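If you want the building blocks of each chain, they are given just below.
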Amino acid sequence: MDVEIRRSKRRKKTIEIRLREDKIEVLAPADISDGDLNAHIARFRSRMKRRKSRDDSYLEQRAMRLNMKYLGGVISWKSISYSDKMERRYGSCTPSNGTIRISPRLRSMPVWVEDYVIVHELAHMIEPNHGPRFWSLVNRYPLAERARGFLMAMDMCRRNTMRK
């Protein structure tokens, strides 16, 4: 993948690296060494590689493992996939046709948070509402409360960013 580096005398400390179509765009301070910059680019490439490895088959495997471990393996579904249309929610489920959709935003979050969302959506296959029975299923996942807090914090950050 091509790398386009733009150095700026106005940029003092931060390096911004982003994916633009088929190239990596790097915005960096003018005085950063090539070695330091290459290290940042290598870390970015590694992160992108890990992120891309989380595809729909990855979700299927995670869902099967989480179903067995926390929900007794009793849940079945037709498909689980990432959906680019998920802009506000982290996951959604349609029990009537057995489909689960997961936001690709979760790829950049810790795996245990993504696991929580998968367990949450799997629980909806049994209990469509957010009643006590539903929460008792979800709370079998030991990091459920921590993951909910993480997602709440992410939502607060996103809302504050949108206000600016």
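Residues numbered from 1 in each chain as written. Predicted model: local features only at pLDDT ≥ 70, side-chain atom pairs only at ≥ 80, totals over all residues. Heavy atoms only, no water.

In this structure, strand β5 (residues 91-94) lies alongside strand β6 (residues 99-102), joined through four bridges in antiparallel fashion. What sits directly across from S92, in β6, is R101. The turn joining β5 and β6, which pair antiparallel and follow one another in sequence, is formed by four residues; a positive phi near 75° is taken by G98. (Pairing = 2+ DSSP bridges. Helix = DSSP H or I, 4+ residues; strand = E, 2+ residues; numbered from the N terminus.)

Next up on the list: the sheet that holds strand β2 (residues 16-20). Taken in spatial order, the three strands line up as β1-β3-β2 in an open sheet, and their pairing is mixed. Strand pairing shows two members of the sheet lacking a second neighbour, β1 (2-8) and β2, which therefore form its edges. Averaged over all pairs of adjacent strands, the angle between their axes in this sheet comes to 20°, without regard to strand direction. (Axes fitted to C-alpha atoms, helices over the stretch in contact; angles between N-to-C directions.)

Moving on to the packing of helix α2 (residues 56-71) against helix α3 (residues 111-126). Each pair of packed helices gets described by two things: the angle between the helix axes and the distance between those axes. Running from N to C, α2 and α3 point in directions that differ by 70°, and their axes come no closer than 10 Å. Looking at the two axes, α2 sits roughly perpendicular to α3. Across the interface between the two elements, Y58, L59, R62, A63, R65, L66, N67 and L71 of α2 pack against V111, E114, D115, I118, V119 and L122 of α3. Classifying every residue of the contact of α2 with α3 gives nine nonpolar, one polar and four charged. (Parallel < 35°, antiparallel > 145°, perpendicular 65-115°, else oblique. Contact = heavy atoms within 4.5 Å. Nonpolar A, V, L, I, M, F, W, Y, C, P; charged D, E, K, R; others polar.)

This next bit is on the layout of surface pockets. Here the largest pocket is characterised by a volume of approximately 340 Å³. Around the largest pocket, the lining comprises 17 residues; the ones closest to its centre are Y90, G91, H120, E121 and L151. Elements represented by at least two residues in the lining of the largest pocket include exactly β5, α3 and α5 (144-163). For the lining of the largest pocket, the element with the highest residue contribution is α3, accounting for five residues. (1 Å grid on protein atoms, 1.4 Å probe; cavity = no way out; pocket = protein on both sides within 12 Å on 5 of 7 lines; lining within 4 Å. Points joined across faces, edges and corners; volume = space filled by probe spheres on them.)

Counted by the stated rule, this structure contains 10 salt bridges. We note a salt bridge from E16 to R11, for which the minimum N-O separation is 3.6 Å. Of the residues examined, E16 reaches a relative accessible area of 31% and is grouped as partly exposed. The salt bridge partner of D115 is R65, with a shortest N-O separation of 3.9 Å. Of the two residues, D115 sits in helix α3 while R65 sits in helix α2, which places them 50 residues apart along the sequence. (Salt bridge = Lys/Arg side-chain N within 4 Å of Asp/Glu carboxyl O. Buried < 20%, exposed > 50% of the residue type's maximum accessible area, 1.4 Å probe, protein only.)

The next subject is the confidence of the model for the protein. Taken residue by residue, the protein gives an average pLDDT of 89. The fraction at 70 or more is 93%. Within the protein, helix α1 (residues 34-53) has the poorest average pLDDT of any element, 82, and helix α4 (residues 132-138) the best, 97. (pLDDT = per-residue confidence, 0-100.)

A few words now on the sheet that holds β5. In space, the three strands of this open sheet follow the order β4-β6-β5, with mixed pairing throughout. Looking along the sheet, the strands with just one partner apiece sit at the ends: β4 (79-82) and β5. Here the strands of the sheet are splayed against their neighbours by 15° on average, with no regard to which way each runs. Strand direction decides the pairing type here: β4 and β6, joined by four bridges, are parallel. Residue pairing in the sheet places S81 in a bridge with R101 of β6.

Another aspect to go through is α3. Here α3 spans 24 Å end to end across 16 residues, near enough to the 22 Å set by a 1.5 Å rise per residue. Most of α3 sits inside the fold, with 14 of its 16 residues counted as buried. (Expected span 1.5 Å × (residues − 1).)

The subject of this paragraph is the side chain of D115. The buried category is assigned to D115, whose relative accessible area is 3%. For D115, the side chain forms a polar contact with the side chain of R62, separated by 2.2 Å. (Polar contact = N/O pair within 3.5 Å; in protein donor to acceptor, adjacent residues only side chain to side chain.)

So, about the packing of aromatic side chains. Per the stated rule, a full pass over the model turns up three aromatic pairs. Aromatic side chains Y70 and Y141 sit 5.3 Å apart centroid to centroid with 90° between the ring planes, which places their arrangement in the edge-to-face category. On the criterion of sequence distance, the pair formed by Y70 in helix α2 and Y141 in the loop between α4 and α5 is long-range, its members being 71 residues apart. For the pair F134 and W135, a centre-to-centre distance of 4.9 Å together with 80° between the ring planes defines the contact as edge-to-face. According to the relative accessible area criterion, W135 is partly exposed, its value standing at 26%. The ring centre of Y82 lies 4.0 Å from the NZ or CZ of R107, which sits over that ring. Here the basic side chain of R146 rests over the ring of W112, its NZ or CZ set 4.4 Å away from the ring centre. (Phe/Tyr/Trp six-rings, centres within 6.5 Å; stacked < 30°, edge-to-face > 60°. Lys NZ or Arg CZ within 6 Å of the ring centre and 35° of its normal.)

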